[in-house]
Amino acid sequence: MSVTLPPNLARTPVEQSRTGVVRVPVAGPSAETETQPAAPVAKLEEQPADAYGAQEASRQAWSQRFTAPTAAGEVSPATARIVSCVKDMAEAAPALGGWDEDKDPSVLEQTKDANCGSAVAVMLGKATGTGTTAAASDQQTMDALESRFTDGNGTTAHELSNMIAHEGAQVTQSASTFDRGLMDEALKRDGKAAVLVDSNKVDPSLKDAGKGRAHWVTVDGKDDQGKYKVKDPGTGKTVSLDAGELEDAVGTSWREHQGGGMLVIDKAEGTTEAQRAEQGGHKVAALGNTEGGGSRSKSNFARESS
């Protein structure tokens, strides 16, 4: 942060040092000492009136000393914008996807052994849908979606697409891997994603625990460090993972559970549920027919859902 000092606090130019005299800055009323007491003492420069002024004047002096002249139109380090707090950092490099913690819906935790799909559908419906089931509680909506679209043993990509269509949004793109380019483009237009992963790979406490379960999570933001915001209904927590970690989570799901990938979800105003379901149904084949279930992080989620 740059501070302009009042005229009465501006530092006066330092007088040129006398030959043979070494000046050493010290704290306190005296600004210098001389190694040869017998030599005349140079006139002391005027000190700022307070400690903050002294610090600021010293910073400006050092900045001017080490800042090289710049050509016309260039920005020198001394005049470049200084990021001094978290808010400034966010403004200097805004995150994709409008990552505003105050407006993010809370993570919806699954309530049964294998209903992560319906939890993801409700979260994505809140984020991108039309709010067709706003009158019902989250748990009631999850139960209704699970009962209508699944057999209770997990949720396939096609079933999840139908759930999302019911919640007023639509699957518009898909990939059998975690495609960071596709994900970033979706976030730029305020889209989201449902990602089928191995559950242990997105749970920091179980990343080295071996095989987990086929499991649905959402991705709905990315920070300026390249980390994606992942909401995990199996743990009820939000974690930040980089693209490599998500690629590994999807790859492990394919290797261990014969299915995986991502569904891009966008708003779909002016369409019917039938239209959204039909269009989404054409996009999901790349993920396979594996049913995403729960997480091994809870004792009552111990049954494999494939």
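Computed from a predicted structure; not experimentally measured.

By definition, the strands of a sheet pair up through backbone hydrogen bonds, in either a parallel or an antiparallel sense. Strand order across the open sheet formed by six strands is S3-S8-S4-S5-S6-S7, with antiparallel pairing between neighbours. Each end of this open sheet is capped by a strand with a single partner; those strands are strand S3 (169–175) and strand S7 (237–241). For this sheet, the mean inter-axis angle between neighbouring strands, taken without regard to orientation, is 30°. With three bridges joining them, strand S5 (residues 214–222) and strand S6 (residues 228–232) adopt antiparallel strand pairing. When the sheet's bridge partners are listed, Val219 is paired in S6 with Val230. The sheet contacts of helix H6 (residues 180–188) involve S3, strand S4 (192–198), S5, S6 and strand S8 (261–267), and relative to S5 the element is tilted by about 55°. Relative to S4, helix H7 (residues 243–257) is tilted by about 55°, and along the sheet it contacts S4, S5, S6, S7 and S8.

Below, the discussion takes up the confidence of the model for the protein. Mean pLDDT over the protein works out to 75, with 60% of the residues at or above the 70 mark. Per-element mean pLDDT across the protein ranges from 35 in helix H2 (residues 86–92) up to 98 in S4. Considering only residues more than four positions removed or in separate chains, one finds that residues 26–38, a stretch of pLDDT under 50, has 23 contacts. Scored below 50 in pLDDT, residues 296–306 shows 38 contacts in the model against residues more than four places distant or in partner chains.

On to the side chain of Asp232, then. Tracing the backbone shows Asp232 in strand S6. We note that Asp232 is buried and unpaired, the nearest opposite charge coming from Lys237 at a distance of 9.0 Å. Separated by 2.6 Å, the side chains of Asp232 and His215 make a polar contact. Here the side chain of Asp232 touches Gly234 through a polar contact of 2.8 Å, landing on its backbone nitrogen. Every residue in contact with Asp232, bar those within four places of it in the chain, is listed here: Val107, Val202, His215, Val217 and Lys237.

How each quantity is defined
- Residues numbered from 1 in each chain as written.
- Predicted model: local features only at pLDDT ≥ 70, side-chain atom pairs only at ≥ 80, totals over all residues.
- Heavy atoms only, no water.
- Pairing = 2+ DSSP bridges.
- Helix = DSSP H or I, 4+ residues; strand = E, 2+ residues; numbered from the N terminus.
- Axes fitted to C-alpha atoms, helices over the stretch in contact; angles between N-to-C directions.
- Contact = heavy atoms within 4.5 Å.
- pLDDT = per-residue confidence, 0-100.
- Buried < 20%, exposed > 50% of the residue type's maximum accessible area, 1.4 Å probe, protein only.
- Lys, Arg positive; Asp, Glu negative; His and termini not counted.
- Salt bridge = Lys/Arg side-chain N within 4 Å of Asp/Glu carboxyl O.
- Polar contact = N/O pair within 3.5 Å; in protein donor to acceptor, adjacent residues only side chain to side chain.

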